[in-house]
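Architecture at a glance
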Amino acid sequence: MQENGQKKKVLYSAVQPSGDLTIGNYLGAIKNWVDLQHDYECFYAMADMHAITIRQDPATLRRKTRELAALYIACGVDPAACALYVQSNVSCHAELAWVLNTLTYVGEMERMTQFKDKSARHADNINMGLMDYPVLMAADILLYQTDVVPVGVDQRQHLEITRDIAIRFNNRYSPTFTVPEAVIMQTGAKINSLQDPTKKMSKSDENPNASVYMSDDRDTVLRKFRRAVTDSESSVRFDPETKPGVSNLLTIYSVFAGKSIAEAEREFDGKGYGDFKAAVGEVVADALTPIRSEQERILADKDYLDGVLAAGAEKAYRTARSTLSKVYRKIGFYRPGK
Ligand code: TYM
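Residue positions within a chain follow its written sequence, with the count starting from 1. Only residues with pLDDT of at least 70 are given local features in this predicted model, and only at 80 or more are side-chain atom pairs given and counted; all residues enter the totals for whole chains, interfaces and linings. Side-chain descriptors were evaluated using all non-hydrogen atoms of the structure, hydrogens and water having been removed beforehand.

A word on the site of the ligand
- Not every one of the 27 residues close to the ligand is listed here, only the nearest: Tyr133, Asp140, Asp154, Gln155 and Lys203.
- Contact between the ligand and Gly152: an oxygen atom at 2.8 Å from a main-chain N or O atom of the residue.
- Each polar contact in these results corresponds to two N or O atoms within 3.5 Å; when the atoms are within protein, one needs to be able to donate a hydrogen and the other to accept it, and residues that are neighboring in sequence are counted only if both atoms are side-chain atoms. Asp154 has a polar side-chain atom sitting 2.4 Å from an oxygen atom of the ligand.
- In isolation the ligand exposes 710 Å². Once the protein is present, 97% of that is buried.
- The helix count covers DSSP runs of H or I at least four residues long, the strand count covers runs of E at least two residues long, and both are numbered beginning at the N terminus. For the shell around the ligand, the elements supplying multiple residues, two or more each, are strand S1 (10–15), helix H1 (23–36) and helix H7 (128–143).
- Here the shell around the ligand is composed, by residue class, of 13 nonpolar, nine polar and five charged. By convention in this text, a residue qualifies as near a molecule or strand provided that one of its non-hydrogen atoms is within 4 Å of it. Residue-level accessible areas treat just the shown protein chains as cover; the underlying method is Shrake-Rupley with a 1.4 Å probe. For this scheme, ten residues count as nonpolar: Ala, Val, Leu, Ile, Met, Phe, Trp, Tyr, Cys and Pro. Four count as charged, namely Asp, Glu, Lys and Arg, and the remainder, Gly too, count as polar.

Listed below in structure tokens is the structure:
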């Protein structure tokens, strides 16, 4: 409830516990979750069911899931205010995904940009789950009657299909799902690779210098920014078309330093790229150091973390089961005694 007695709107988001998280995941998603967490009723998941659409080593997946939960909290997500849980702990996600599959067309899934990209990258493992990824995502979001979904730009298409599926269900049966909106920040929603700034920074990039990981230590962060690709001019100016490298660094600097792009441009006016890149590295390293040590502290307290995740799953289950029961009733599934 809000102070004015109105029910808070619902916010849902998730990250996959695959690979190492980059500052792109942080700026595009988690940082915004923290900024929004007291204005909404929030559900934040570790999307392990999505992660297995790419082959995962079981022990690593289990470890990464805990590390991700600890990272959410270390970044400032308040487990007392939000439901923080592991997707596979709430069985309703798989159940609703099955129902939504029957309202989704194969052609729509084949056209998804991320499916096409991932199929090209994992040609030996184009499994049904990879294709069905957006339907599971729609199930995640719709189970909680979500109003807003803060994500990076790369998830826009998945949000659009979620809206289409929700509207389709509501029209075929009767109004059941809230139709969610994507929340995509103006700055930080697409952080690009430090080595090829026309490409998204990604957890799965083969070149370790292309991405800055949340787990990178100070020296590594400074080194990666020192090596970042810029251009042959020497003016620190925001122009993504002609100066993608410098613009990407300005974006990173501006969000981490809490300054506007224009302020950042003024600050580096007349300075060379060497000084600029060092300053970006410093501001990022300063932000990551306390997050990393807080994450380690949380990980060392297994009982605390497990307690948070068990309580989160219980809370999520209550909401999810109530939506799923409604869905089962509407589509005509028989329940003895009901
Ligand atoms: P994942 O783990 O691939 O990405 C998690 C979040 O990080 C954002 N992101 C970026 N933002 C800015 N710049 C980048 N370079 C960058 N790279 C990644 C993504 O947009 C995303 O917000 N499928 C989702 C996980 C998910 C989900 C959901 C999200 C599963 N169910 C329901 C919202 C609602 C994903 O992209 O994970």
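A closer look at unusual backbone geometry
- Phi is positive for Gln145, close to 55 degrees, though the residue is something other than glycine.
- Its place among the elements puts Gln145 in the loop between H7 and strand S4 (148–150).

Some points on the environment of Ile161
- Looking at the secondary structure, you find Ile161 in helix H8 (residues 156–172).
- Exposed residues in this analysis have more than 50% of their type's maximum accessible area, buried residues have under 20%, and partly exposed residues fall in between, with area computed by a 1.4 Å probe over protein chains only. The exposure class of Ile161 is buried, given its relative accessible area of 4%.
- Note: C-alpha distance between Ile161 and Pro175 (14 residues apart in sequence) is 17 Å.
- Should any heavy atoms of two residues lie within 4.5 Å, those residues are counted as being in contact. Apart from residues no more than four positions distant in its own chain, Ile161 is found in contact with Glu108, Met109, Met112 and Pro134.

With respect to the nonpolar core
- Counting residues in hydrophobic clusters, the biggest one holds 57 residues, and the most contacted among them are Ile23, Tyr72, Phe225 and Val284.
- The leading source of residues in this core is helix H12 (residues 273–300), at nine residues.
- Those residues in contact with Val284 that lie beyond four places of it in its chain are Ile23, Val212, Val221, Phe225, Ile252 and Phe256.
- Listed in part, the 44 residues of the second largest apolar core include Met112, Val135, Met137 and Phe169. Here, the term nonpolar core denotes a set of buried Ala, Val, Leu, Ile, Met, Phe, Trp, Tyr and Cys residues that are joined through side-chain atoms within 4.5 Å.

Remarks on helix H4 (residues 92–101)
- Taken together, the buried positions of H4 are Cys92, His93, Leu96, Ala97, Val99 and Leu100. Buried residues of H4, seen end-on, are gathered within an arc of 160 degrees and therefore sit on one face of the element.
- Along its buried surface, H4 packs onto S1, helix H2 (48–51), strand S3 (82–86), H7, H8 and helix H13 (302–331). Each C-beta atom gives one direction from the helix axis, and the arc is the one those directions make.

Description of the pattern of salt bridges
- Each reported salt bridge corresponds to a side-chain nitrogen of Lys or Arg within 4 Å of a carboxyl oxygen of Asp or Glu. Counting across every chain of the model gives 21 salt bridges.
- Among the ionic pairs, Lys200 bridges to Asp154, the shortest N-O distance being 2.8 Å. Of this pair, Lys200 sits in the loop between strand S5 (181–183) and helix H9 (218–226) while Asp154 sits in the loop between S4 and H8, placing them 46 residues apart in sequence.
- We classify Lys200 as partly exposed; its relative accessible area is 34%.
- Here Asp154 falls in the partly exposed class, since its relative accessible area comes to 33%.
- The partner of Asp306 in a salt bridge is Lys302, and the shortest N-O contact between them spans 2.8 Å. With a gap of four residues between them, Asp306 and Lys302 both fall in helix H13, about one helical turn apart.
- By relative accessible area, which is 32% here, Asp306 ends up partly exposed.
- Residues joined by salt bridges that share partners form a network here, namely Asp231, Glu233, Arg237, Asp239 and Lys243.

Remarks on helix H10 (residues 244–257)
- Taking 1.5 Å as the rise per residue, H10 with 14 residues should run 20 Å; its terminal C-alpha atoms sit 20 Å apart, in good agreement.
- Among the 14 residues in H10, 12 count as buried, and that is most of the element.
- Within the span of H10, buried status applies to Gly245, Val246, Ser247, Asn248, Leu249, Leu250, Thr251, Ile252, Tyr253, Ser254, Val255 and Phe256.
- Residues of H10 that are buried in the fold lie against H1, H9, helix H11 (261–267) and H12.
- Positive phi shows up at Gly258, right after H10, with a value of about 70 degrees. For a helix, the expected span equals 1.5 Å multiplied by the number of residues minus one.

Description of the side chain of Asn209
- Tracing the backbone shows Asn209 in the loop between S5 and H9.
- Not counting residues within four places of it along the chain, the set of residues in contact with Asn209 comprises Leu194, Gln195, Arg223, Lys224 and Arg227.

Overview of the packing of aromatic side chains
- Each pair of aromatic rings taken from Phe, Tyr and Trp, with Trp reduced to its six-membered ring, is defined by centres within 6.5 Å and is described as stacked if the planes are under 30 degrees apart, edge-to-face if over 60, and tilted in the remaining cases. Summed over the entire model, instances satisfying the criterion amount to 11 aromatic pairs.
- Plain terms: the ring middles of Trp33 and Tyr44 are 4.3 Å apart, the flat faces sit at 5 degrees to each other, and that makes the pair stacked. Here the residue Trp33 occupies a position in helix H1, and Tyr44 occupies one in strand S2 (residues 41–46), the gap between them amounting to 11 residues.
- By relative accessible area, which is 0% here, Trp33 ends up buried.
- Judged by centre distance (4.5 Å) and plane angle (35 degrees), the rings of Phe43 and Tyr144 are tilted. Placement of the pair is Phe43 in strand S2 and Tyr144 in the loop between H7 and S4, with a sequence separation of 101 residues. This pair shows no difference in class: Phe43 is buried, exactly as Tyr144 is.
- A network of ring pairs unites the aromatic residues Tyr12, Phe43, Tyr85 and Tyr144 as a single cluster.
- Only when the NZ atom of a Lys or the CZ atom of an Arg is both within 6 Å of the ring centre and within 35 degrees of the ring normal do we say a charge sits over the ring. Geometry around Phe43 places Lys315 over its ring, the cationic atom sitting 5.4 Å from the centre.

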